[in-house]
Amino acid sequence: MKNFDNIKIISCDLDGTLLGPNGEPSDLTKEVINKLHEKKYILIANTGRPLYSIPNEVVNLPFDYLVGMNGQIILDTKANKIYEKEKLNKSDLINLSDLGNKNMAIGHLHYENVIYLIMSKRNFIFGYIFNQLNKLRFIFKQIERTKVKYVTDIKSLKLNDIAKICFASFGKNLIKLQEEINLLENKPYQTFLVTENWLEVMAADISKGNALIEIAKKENIDIKNTLAIGDGENDIPMLKVAGISVAMENAMDNTKKVADYIAPSFREDGLAKFFTKHLL
């Protein structure tokens, strides 16, 4: 049994963790987050989303830090200051999208409130149909407020750099794609399966865990006095470095393996119930 009395920083994933099935925090979750703030915990919303895609219902909660793009960008809400880390360049995007096309995976680039769906002309019909079907899925709720553009020639895009590239496809396609990326020489990228149908790729040193470490140092708090909670493989780095790690019941198997505790599902207000039991 871990000691919760020494916890000073709490890092929360959003999708599948803090957010409910409707893509918003429940009233109970909002109440619990406010109570944690009143108890002087330092609160972090730590997500794979870009900052502009974080729901207003979360932005309006008393989070001290908003971490976006799996740690590529950090907003200190108290100082209203943004910190950014390395991005992928155009060459990275071209090479990765080629691997995606090879494995029948649709590339997703989030750039200035636009979602570019990257696929080869050969895969266009598959990509279009797959995307339309997956708009109904939870992971795609973040796309609803943005424009979507289909692109069959990534070289034509005028993008100098971008925080990450995501791939959507059937699970077996993404596993094969992930393996190929992880075997590249010098291991230039970090890959995370967020769900079985959603793979995220970033520069090698970007992770939610590194973001948590940086914030703890900034706040002069021992990393042992932190708690992290999440459900996807992109949460594994922060679960590994945190003093106490929590996976949701709905988490991926690899995520559960590294967790100290399992909270109830996000469909059952699991985060709020876990925090109420152990921290409030």
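Structure shown above.
Residues numbered from 1 in each chain as written. Predicted model: local features only at pLDDT ≥ 70, side-chain atom pairs only at ≥ 80, totals over all residues. Heavy atoms only, no water.

Visitor: What is the right way to look at the overall build of the chain in this model?
Guide: Across its full length, the chain holds 10 helices and 16 strands. The globule rule puts the C-alpha radius of gyration for 280 residues at 19 Å, and the 18 Å found for the chain is close to it. Reported as C-alpha extents along the three principal axes, the dimensions of the chain are approximately 55 × 35 × 35 Å. Put simply, the chain has 280 residues, and 57% of those count as buried. Restricting to contacts in the chain with at least 6 residues of sequence separation, those with at least 24 account for 61%. Surface summary for the chain: the accessible area is close to 12,800 Å², and the carbon and sulfur share equals 48%. (Helix = DSSP H or I, 4+ residues; strand = E, 2+ residues; numbered from the N terminus. Rg over C-alpha atoms; globule rule 2.2 N^0.38 Å. Buried < 20%, exposed > 50% of the residue type's maximum accessible area, 1.4 Å probe, protein only. Contact = heavy atoms within 4.5 Å. Areas by Shrake-Rupley, 256 points an atom, 1.4 Å probe, with all protein chains shown as cover.)

Visitor: Help me out: how do you make sense of the side chain of Arg 49 in this one?
Guide: By secondary structure assignment, the location of Arg 49 is in the loop between β2 (42–46) and α3 (56–59). At 2.6 Å, the side chain of Arg 49 and the backbone oxygen of Ser 53 are in polar contact. (Polar contact = N/O pair within 3.5 Å; in protein donor to acceptor, adjacent residues only side chain to side chain.)

Visitor: Could you clarify how one ought to interpret the sheet that holds β2 in this entry?
Guide: Each strand in a sheet pairs with its neighbour through backbone hydrogen bonds, running either in the same direction (parallel) or in the opposite one (antiparallel). On the basis of which strands lie adjacent, the open sheet formed by eight strands has the order β5-β4-β3-β2-β1-β14-β15-β16 and mixed pairing. A strand with exactly one partner marks an edge of an open sheet, and here the two such strands are β5 (81–84) and β16 (261–263). Across this sheet, the average inter-strand angle for adjacent strands is 20 degrees, counted without regard to direction. (Pairing = 2+ DSSP bridges. Axes fitted to C-alpha atoms, helices over the stretch in contact; angles between N-to-C directions.)

Visitor: Sorry if this is basic, but what is going on with the packing of helix α2 (residues 27–38) against helix α10 (residues 270–278) here?
Guide: How two helices sit against one another is set out by the angle between their axes and by the gap between those axes. Where α2 meets α10, the closest approach of the two axes is 9 Å, and the angle between their N-to-C directions is 35 degrees. Between α2 and α10 lies a crossing whose hand is left-handed. Where α2 approaches α10, its residues Leu 28, Thr 29, Val 32 and Leu 36 are matched on the opposing element by Leu 271, Ala 272, Phe 275 and Thr 276. Classifying every residue of the contact of α2 with α10 gives six nonpolar, two polar and no charged. (Left-handed = near helix turned anticlockwise from the far one by under 90°. Nonpolar A, V, L, I, M, F, W, Y, C, P; charged D, E, K, R; others polar.)

Visitor: What's the story with the nonpolar core in this structure? I'm lost.
Guide: Soluble globular proteins: nonpolar side chains tend toward being buried together. By size, the foremost hydrophobic cluster in this structure holds 32 residues, and its most contacted members are Ile 10, Leu 227 and Phe 275. Elements that contribute at least two residues to this core include exactly β1 (9–12), α1 (14–18), α2, β2, β14 (226–230), β15 (244–248), β16 and α10. By residue number, the principal contributor to this core is α10, which donates four residues. Here Leu 227 is in contact with Phe 4, Ile 7, Ile 9, Ile 10, Ser 11, Ala 242, Ile 244, Val 246, Phe 274, Phe 275 and Leu 279, once residues within four sequence places are set aside. If you look at the next biggest cluster of nonpolar residues, it comprises 31 residues, including Leu 96, Ala 105, Leu 109 and Phe 167. (Core = buried A, V, L, I, M, F, W, Y, C linked by side-chain atoms within 4.5 Å.)

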